[in-house]
Amino acid sequence: MVHVPFTLAKNLHDASELPDDCAAKAFLADVIPSSSDPAYMEYVVRSALAGAYAAGTDTTVSALQSFFLAMTLYPDVQKEAQREIDSVCHGRLPDFSDYESLPYVHTIVKEILRWNPAVPLNIVHTSAQDDVYGGYYIPKGSLVVANIWAILHDPAVYADPESFRPSRFLRSHTNPTPEPDPDAAYGFGRRICVGRHLAHEMLWITIASVLAAFDIVKAKDDAGREIVPPGEYYHGFMQLPKPFRCEIRPRSVEHEKLVLGAVDKDS
Ligand code: HEM
């Protein structure tokens, strides 16, 4: 993870074949060669890019799997998002010019991170000095484990916390005081997730694009009965949904053409 992708990028760069949108491009073209110690800078860059990969993949995958689970279990949320997307995009696929115009999709991203945060017990921190918090004495050097899951399921802050309800974050006349954004999902203090803005944007564009073109519905068993996923998770440092069945199908023939057209454009 640290060496193979970077060495590949380096070889392509040497052959002038590295695409502009490669994350290593500016480092190889500029940052490393202009450093006073290029060998050390290359080591730093290799490590930083591998760090982004390590921290940004499982977390995003966990969030997207929770998204498919939530859409299977909460069809009304899905329909509401599709209504918003259709009214803004009028039959085309969303892009980042729609970022401010799809507030409900933003609340779905937030609710996924609140409902089942990818990193439920955070990365362990250490207290830099003696401290007292909530009546507890915390000596310098203690390991502090923040229970992100509990913070984001506190019924005093999030009404009916087990329910997937994105509208809790939207201000409206029926909801004049929206519930707070689930920032805790990204950790705390100086070590807060540095990829959180990228993560939100990646999740937003993926969710908006999937919902623009596809319906996510409950699968059926052999007798034609809907299968309701139990919504179970693997619990560990990361949490992610256990495999479950659902059906993902284009919303119409037109939507199918839209997706195939986008694939053709990209290839
Ligand atoms: C849904 C997506 C993501 C979630 C839920 C998430 C969550 C977290 C959490 C809880 C931490 C620990 C913060 C702490 O110690 O207090 C963290 C750290 C970190 N994240 Fe993310 N992350 C996500 C996506 C990403 C992405 C896309 C990247 C980069 C491309 C990234 C890069 C990092 C890095 C480098 C750290 C370590 C920061 C440090 O220790 O100083 N993360 N993330």
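Residues numbered from 1 in each chain as written. Predicted model: local features only at pLDDT ≥ 70, side-chain atom pairs only at ≥ 80, totals over all residues. Heavy atoms only, no water.

The name given to the protein chain in an unreviewed UniProt entry is Cytochrome P450, with Phanerochaete carnosa as the source organism. Quoted verbatim from the Cofactor (unreviewed entry) field of the UniProt record, the comment on the protein chain reads "heme". (UniProt positions renumbered as here; feature names shortened; annotations may be inferred.)

We now examine the pattern of salt bridges. Opposite charge on two side chains lets them pair, provided their charged atoms get close. What the rule picks out here adds up to 12 salt bridges. Here Glu80 ties to Arg83 by a salt bridge, and the two come within 2.7 Å at their closest N and O atoms. Taken together, the positions of Glu80 and Arg83, both in helix α4 (residues 75-89) and three residues apart, correspond to about one turn of that helix. Looking at Arg83, the relative accessible area reads 52%, which means it is exposed. Taking the shortest distance from any N to any O, the salt bridge between Asp221 and Arg225 comes out at 3.2 Å. For Asp221, a relative accessible area of 25% puts it in the partly exposed group. Since its relative accessible area comes to 54%, Arg225 is described here as exposed. Within the structure, one salt-bridge network assembled from shared partners comprises Glu111, Arg114, Arg168 and Glu179. (Salt bridge = Lys/Arg side-chain N within 4 Å of Asp/Glu carboxyl O. Helix = DSSP H or I, 4+ residues; strand = E, 2+ residues; numbered from the N terminus. Buried < 20%, exposed > 50% of the residue type's maximum accessible area, 1.4 Å probe, protein only.)

Turning to helix α5 (residues 103-115), a few remarks are in order. With 13 residues, α5 extends 18 Å between its outermost C-alpha atoms, agreeing within 8% with the 18 Å of an ideal straight helix rising 1.5 Å per residue. Most of α5 sits out of view: 12 of its 13 residues are buried. For α5, the elements touching its buried residues are α3 (38-73), α4, α6 (148-151), α7 (196-213) and β6 (233-234). (Expected span 1.5 Å × (residues − 1). Contact = heavy atoms within 4.5 Å.)

Turning to the packing of α5 against α7, a few remarks are in order. Packed helix pairs are specified by the crossing angle of their axes together with the interaxial distance, meaning the distance between the axes. Relative orientation of the contacting elements α5 and α7 amounts to 115 degrees, with a least axis distance of 9 Å. You can see that α5 and α7 cross each other, and the crossing is right-handed. Seen from α5, the contacting residues are Val105, His106, Ile108, Val109, Lys110, Ile112 and Leu113; seen from α7, they are His200, Leu203, Trp204, Ile207, Ala208 and Leu211. Taken together, the residues of the contact of α5 with α7 break down into 10 nonpolar, two polar and one charged. (Axes fitted to C-alpha atoms, helices over the stretch in contact; angles between N-to-C directions. Left-handed = near helix turned anticlockwise from the far one by under 90°. Nonpolar A, V, L, I, M, F, W, Y, C, P; charged D, E, K, R; others polar.)

In this section: the environment of Ile112. Summarising the element assignment, Ile112 is placed in helix α5. When its relative accessible area of 2% is taken as the criterion, Ile112 is described as buried. Residues Ile112 and Val77, 35 residues apart in the sequence, show an inter-C-alpha distance of 12 Å.

The immediate surroundings of the ligand are formed by 21 residues, with Asn122, His125, Phe188, Arg191 and Cys193 found nearest. Asn122 is positioned such that a nitrogen or oxygen atom in its side chain is 3.0 Å from an oxygen atom of the ligand. His125 places a side-chain nitrogen or oxygen 2.7 Å from an oxygen atom of the ligand. Those elements that place two or more of their residues in the shell around the ligand are α3 and α7. Considered class by class, the residues forming the shell around the ligand number 14 nonpolar, six polar and one charged. (Near = heavy atom within 4 Å. Polar contact = N/O pair within 3.5 Å; in protein donor to acceptor, adjacent residues only side chain to side chain.)

When the UniProt feature table is mapped onto this chain, "binding site: heme" (unreviewed entry) is found at Cys193. Residue position: Cys193 is located in the loop between α6 and α7.

Turning to the side chain of His153, a few remarks are in order. You can see His153 is positioned in the loop between α6 and α7. There is a polar contact of 3.0 Å between the side chain of His153 and the backbone oxygen of Trp115.

Turning our eyes to something else, we now look at the environment of Asp37. Position of Asp37 relative to the elements: it lies in the loop between α2 (25-31) and α3. Considering only alpha carbons, one finds Asp37 and Ser172, 135 residues apart in sequence, at a separation of 55 Å.

A few words now on a nonpolar patch on the surface. A cluster of nonpolar residues, Leu121, Val124, Leu143 and Val145, forms a patch on the protein surface that exposes about 380 Å² of accessible area. Among the secondary structure elements, Val124 is positioned in the loop between α5 and β1 (125-126). (Patch = residues over 30% accessible without salt bridge, like charges linked within 9 Å, V, L, I, M, F, W, Y side chains within 5 Å. Areas by Shrake-Rupley, 256 points an atom, 1.4 Å probe, with all protein chains shown as cover.)

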